[in-house]
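# Fold and contact review
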Amino acid sequence: GAGVSQTPSNKVTEKGKYVELRCDPISGHTALYWYRQSLGQGPEFLIYFQGTGAADDSGLPNDRFFAVRPEGSVSTLKIQRTERGDSAVYLCASSARGGGADTQYFGPGTRLTVL
Amino acid sequence: AQSVTQLGSHVSVSEGALVLLRCNYSSSVPPYLFWYVQYPNQGLQLLLKYTSAATLVKGINGFEAEFKKSETSFHLTKPSAHMSDAAEYFCAVTYTGANSKLTFGKGITLSVRP
């Protein structure tokens, strides 16, 4: 079956602009995660959705970052007033239930470059 | 708080040689541990995971890892490296009650020499 997909694969924007990154999880997966991977680092957790609600947004770096999942499937990560430090690969993952050792399946990521 | 340490950023082995990638974790509660592989321009792919069942875990592509509580380690091994194993490898930890959010190490780049 189809895996996790993310669009766009690459996004170049200018400092101060607004961007939206989209994630389509595996069909039927209730849990959805966003991570950010900077160059030379491992992915860092941003936010976790269980269904439509954000169960844990402790990883969002500041209030410029926001994410939604209105129908419990597709999710959009929104970044306002982008800064050069936001440049990274944004990864989305989904899992069947979200508990304990549930396997997270990752998408290919969106590479965001802020000029 | 949980954390993962992957010593060294780059490991180089000859084709056919043993692969050993080290991972040490820190967790105040019983952990769940994962190894993911990332090929260039691709997403993370699960190699194997430890979920408190057998301490020796076998994964895909001939990889395995052993959970050693006394050493707080979860090292990844493969008896014989193949050229196609060249990639970046990440160790990650979570635990019950952490909302399954993964804490990753910095990753190790594996190179395989012909």
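### Details of the pairing of strand S11 (residues 110–114) of chain A
Residues and elements named next belong to chain A. Along S11, the buried face is formed by Thr110, Leu112 and Val114; none of Arg111 and Thr113, which line the opposite face, is buried. As defined by bridge partners, strand S2 (residues 10–13) adjoins S11 across four bridges and the pair is classed as parallel. By the bridge assignment, Lys11 is partnered in S11 with Leu112. Relative to S11, strand S9 (residues 88–95) is paired through three bridges, and the arrangement is antiparallel.

### Points about the interface of chain A and chain B
Contact with chain A, which involves 23 residues of that partner, is made by 19 residues of chain B. Between chain A and chain B, roughly 1,700 Å² of surface is buried when both sides are summed, and carbon and sulfur atoms account for 51% of that area. On the chain A side of the interface with chain B, the three residues burying the most area are Gly100(A), Ala101(A) and Phe106(A), jointly 28% of the side's total. Taken together, chain A and chain B are joined by one salt bridge. Residues Lys101(B) and Asp56(A) are paired through a salt bridge, measuring 3.1 Å at the closest nitrogen-oxygen approach. Counting the contacts that link chain A with chain B gives eight residue pairs in polar contact (both at pLDDT 80 or more). Every element with two or more residues in the side of chain A that touches chain B is listed here: strand S4 (31–37), strand S5 (44–50) and strand S6 (53–56) of chain A. For the side of chain A that touches chain B, the element with the highest residue contribution is S4(A), accounting for three residues.

The rules behind each value
- Residues numbered from 1 in each chain as written.
- Chains lettered and ligands numbered in written order.
- Predicted model: local features only at pLDDT ≥ 70, side-chain atom pairs only at ≥ 80, totals over all residues.
- Heavy atoms only, no water.
- Buried < 20%, exposed > 50% of the residue type's maximum accessible area, 1.4 Å probe, protein only.
- Helix = DSSP H or I, 4+ residues; strand = E, 2+ residues; numbered from the N terminus.
- Pairing = 2+ DSSP bridges.
- Contact = heavy atoms within 4.5 Å.
- Buried area = accessible area lost by both parts, 1.4 Å probe.
- Salt bridge = Lys/Arg side-chain N within 4 Å of Asp/Glu carboxyl O.
- Polar contact = N/O pair within 3.5 Å; in protein donor to acceptor, adjacent residues only side chain to side chain.

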